[in-house]
Every structure is written in C-alpha cells, then in structure tokens.
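Now for the letters of each chain:
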Amino acid sequence: MGQYDAQVRQQLSKYKHKDLAQRDILNVFASFSGLKPKSDEYAFNDGSVKDLLCIDGTIPVHYKGAKYNIPVCIYVMDTHPYNQPMCFVRPTKDMLIKPSKNVDANGRIYLPYLHEWKFSNSDLIGLIQVMSVVFGEASPVYAKPQRATAPRPVDSDSN
C-alpha cells in the first residue's frame with residue numbers, strides 16, 4: 001500500500017467512479033514525488049462549490065537547461081476519469097504568473113490535452129507530462145522582481 005492510499009480512498013468516497021479515479025490518482029504519486037493529495041473546495045463559474053480531491057505540489061520542468069519545480073494544483077472532478085480535471089499554476093509568494101496561451105492571469109491552465117480529454121486515451125500522468133513539456137517551452141511563472149531598498153542617508157553629524 002502506498003503512502004497516500006487510505007487518504008485518497010477516503011477523499012474519493014463520494015466520487016462516481018472511485019476505482020478508476022483512485023488508480024489514476026495513485027499512479028501520479030508513484031511517479032511524481034513533488035505532488036500530494038489534499039481536499040479542497042472548488043468554486044465553479046455558476047457559483048456552486050464542491051469538495052474535491054486536489055493533487056497539489058510541484059512538477060519538474062526543464063527550462064533553458066535548468067530544472068525547475070513548477071507549483072500546480074489539479075482539481076480532480078467527481079466524475080473522473082470521464083471529465084477532465086481543472087488545473088492551475090499556483091505561484092509561491094516569490095513568483096508571479098506569466099500569462100500565455102496556456103495559462104491565464106488567474107493561473108488556470110489551458111492545454112489541448114485537457115480540451116480533448118477522453119477517458120480511454122487520457123490520464124493524469126499523461127497530463128502532467130504534457131504540462132512539463134509545455135512549461136519547459138514557456139515558463140508559466142517568473143520570479144518577483146526584488147524591491148530595491150532606498151539608500152539610507154549618511155548622518156553628517158557623526159564625524
């Protein structure tokens with residue numbers, strides 16, 4: 001039994017396809033050590049809110065010859081694996097989102113893999129691998145500029 005088996009099983013108790021979802025989710029944790037499950041509320045555009053399993057943490061990305069860990073949150077729908085997850089880049093306090101065709105200003109991730117999600121051909125590991133490749137071509141985050149501190153005036157009376 002893996003590290004997160006019991007937690008995932010409990011969080012999926014209200015999911016429609018528990019066994020399929022559990023297998024897909026647990027495969028992620030076996031392959032990506034930077035990710036872990038958590039329960040989180042997801043607010044939909046229509047105002048409804050659901051408690052969903054969220055795959056939270058970082059995915060490895062190779063960008064310009066260096067390895068980076070990009071923080072993401074993947075909300076697994078209660079109809080998984082028949083419906084695509086909702087995915088977001090979650091910048092740390094030292095990062096800002098760099099909007100592009102794949103990531104909006106709120107961090108929501110848009111990929112053809114998500115748009116074309118189909119149960120028989122799509123899974124979470126494939127999704128994360130696509131994110132890693134796409135983010136390696138164009139990073140979805142950048143470091144916040146350091147705020148320059150104003151030089152302190154020299155006290156001329158101290159001589």
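As the structure is a computational prediction, the values presented were derived from the model and not from experiment.

S.K.: Sorry if this is basic, but what is going on with the environment of Q84 here?
M.R.: If you trace the backbone, Q84 turns up in the loop between β3 (66-76) and β4 (86-89). Distance from Q84 to M95, taken between C-alpha atoms, is 27 Å for residues 11 residues apart in sequence. Those residues in contact with Q84 that sit more than four places away from it in its chain are M77, L114 and W117.

S.K.: What's the story with the state of the cysteines in this structure? I'm lost.
M.R.: Every disulfide links exactly two cysteines, by a covalent bond between their sulfur atoms. Taken as a whole, this structure holds one disulfide when the rule is applied. Shown here is the disulfide that connects C54 with C73, its sulfur atoms set 2.3 Å apart. Linking C54 in strand β2 (residues 49-63) with C73 in strand β3, this pair joins segments that are 19 residues apart in sequence. With relative accessibility at 0%, the residue C54 sits in the buried group. Note on C73: relative accessible area 2%, which makes it buried.

S.K.: What's the story with the pattern of salt bridges in this structure? I'm lost.
M.R.: The final tally for this structure, using the stated rule, is four salt bridges. One salt bridge connects K16 with D78, and the closest N-O pair in it is separated by 3.8 Å. With K16 in the loop between α1 (5-11) and α2 (18-31) and D78 in the loop between β3 and β4, this residue pair connects regions lying 62 residues apart in the sequence. The exposed category is assigned to K16, whose relative accessible area is 56%. Of the charged contacts in the structure, one is a salt bridge between D94 and K93, with a shortest N-O distance of 3.6 Å. What makes D94 partly exposed here is its relative accessible area of 47%. Judged by its relative accessible area of 67%, K93 is exposed. One salt-bridge network, in which partners are shared between bridges, spans K16, K50 and D78.

S.K.: Help me understand the confidence of the model for the protein chain in this model?
M.R.: When pLDDT is low, close inspection of the predicted coordinates is not appropriate. On average, residues of the protein chain score 92 in pLDDT, and 92% of them are at 70 or above. Confidence, expressed as mean pLDDT per element, reaches its minimum in the protein chain at strand β6 (residues 141-143) with 93 and its maximum at β4 with 98.

S.K.: I would appreciate a short explanation of the layout of surface pockets in the present structure.
M.R.: Over the atoms a probe the size of a water molecule is rolled, and this reveals where empty space is left. Estimates place the volume of the largest pocket at around 260 Å³. Q10, Q11, S13, K14, Y15, S39, K50, D51, L52, L53 and D78 together form the lining of the largest pocket. Listing elements by their share of the lining of the largest pocket, those giving two or more residues are α1 and β2. Looking at the lining of the largest pocket element by element, the count peaks at four residues for β2.

Basis of the calculations
- Residues numbered from 1 in each chain as written.
- Predicted model: local features only at pLDDT ≥ 70, side-chain atom pairs only at ≥ 80, totals over all residues.
- Heavy atoms only, no water.
- Helix = DSSP H or I, 4+ residues; strand = E, 2+ residues; numbered from the N terminus.
- Contact = heavy atoms within 4.5 Å.
- Disulfide = S-S within 2.5 Å.
- Buried < 20%, exposed > 50% of the residue type's maximum accessible area, 1.4 Å probe, protein only.
- Salt bridge = Lys/Arg side-chain N within 4 Å of Asp/Glu carboxyl O.
- pLDDT = per-residue confidence, 0-100.
- 1 Å grid on protein atoms, 1.4 Å probe; cavity = no way out; pocket = protein on both sides within 12 Å on 5 of 7 lines; lining within 4 Å.
- Points joined across faces, edges and corners; volume = space filled by probe spheres on them.

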